[in-house]
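Read off the chains here:
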Amino acid sequence: MAFIETIDYGTPASTSEAEVALTIDGRPVTVPAGTTVMRAAAMAGSSIPKLCATDSLQPFGSCRLCLVEIEGRAGTPASCTTPVAPGMAVRTQTPRLAKLRKGVMELYISDHPLDCLTCPANGDCELEDMAGAVGLREVRYGYEGENHLSAEADASNPYFTVDPAKCIVCSRCVRACDETQGTLALTIARRGFDSVVSASQASPGCQPLAPNSWASISAGGRNWVSRTLILARTDKTPRSDAMIASAGEE
Ligand code: SF4
Ligand code: FES
């Protein structure tokens, strides 16, 4: 069974009836007011690298890969959290952006197992795709620094393996659990370098609504599960109707 690939516009559609005209990489585009620059770019055919954004979730702005240049504005704002404005002129591909994005990806990859060839997500991995998209060929920082590579994987769920060594803490799974499922079964525990995705019951002060948090993820995660980095399906064989029913999927 092949995965069905759909266009991911990065952020949800705006429902506004007002329209905003702008240019993206010199191409005119008109979008509903409230649309993000990332989504407008996707609608205009410009692909902006992203890791933490997906169009089924509200923008979060954590990965810093989707930076763009906007004429007349200082800096390089994240396109996923920047709304369009009338007359805005956005550039999504410049030498400065390429350098910044490559630097961001180098940092991610410097703390990531180099096991792509044996990883179950190989070929269906956004980190791999984005490394390719920014043209990453080497990691100047090396792999010897402090890292999470020895974090232990959890294979207790029959449908996926949770491998914290591969997590970039983009919070997408946590947000999907909240915004899509409404279960709040996941959370980010600890802070800074020690941040880790955790079942909510493991986080002091956060009570789970589901008795088995990882099971609730397999029950409800559809598209976003296949897109995440560490929640790699244990295998890619088609699941039978019975398996799907037992997981609670529609
Ligand atoms: S498990 Fe995946 S989706 Fe969740 S924070 Fe880590 S990388 Fe992001
Ligand atoms: S996609 Fe915009 S900050 Fe991650």
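Structure: above.
Residues numbered from 1 in each chain as written. Chains lettered and ligands numbered in written order. Predicted model: local features only at pLDDT ≥ 70, side-chain atom pairs only at ≥ 80, totals over all residues. Heavy atoms only, no water.

**Student:** So what exactly am I meant to see when it comes to the pairing of strand β6 (residues 186-189) here?
**Tutor:** Successive side chains on a regular strand alternate, one facing one side of the sheet and the next facing the other. Relative to strand β7 (residues 196-199), β6 is paired through four bridges, and the arrangement is antiparallel. By the bridge assignment, Thr 187 is partnered in β7 with Ser 198. Counting the residues that bridge the hairpin from β6 to β7 gives six residues, and of these Arg 190 lies at a positive phi of roughly 65 degrees. (Pairing = 2+ DSSP bridges. Helix = DSSP H or I, 4+ residues; strand = E, 2+ residues; numbered from the N terminus.)

**Student:** Would you mind going over the sheet that holds strand β4 (residues 89-91) with me for this structure?
**Tutor:** Paired through backbone hydrogen bonds, the strands of a sheet run either parallel or antiparallel to each other. Across the sheet, four strands lie side by side as β2-β1-β4-β3; this open sheet has mixed pairing. A single partner strand is all that each edge strand has here, and the edge strands are β2 (27-32) and β3 (69-70). Pairing of strand β1 (residues 19-24) with β2 involves six bridges; the strand directions are antiparallel. The residue bridging Val 20 from the neighbouring strand is Val 31, located in β2.

**Student:** Explain the pairing of β1 to me, please; I cannot follow it from the model alone.
**Tutor:** Burial along β1 is one-sided: Val 20, Leu 22 and Ile 24 are buried, and none of Glu 19, Ala 21 and Thr 23, which face the opposite way, are. Once β1 ends, the chain turns through two residues before running back antiparallel as β2, passing Asp 25 with a positive phi of about 50 degrees. In the sheet, β1 pairs with β4 via two bridges, with the strands oriented parallel. Each residue of the ladder has a partner; that of Thr 23, found in β4, is Ala 89. (Buried < 20%, exposed > 50% of the residue type's maximum accessible area, 1.4 Å probe, protein only.)

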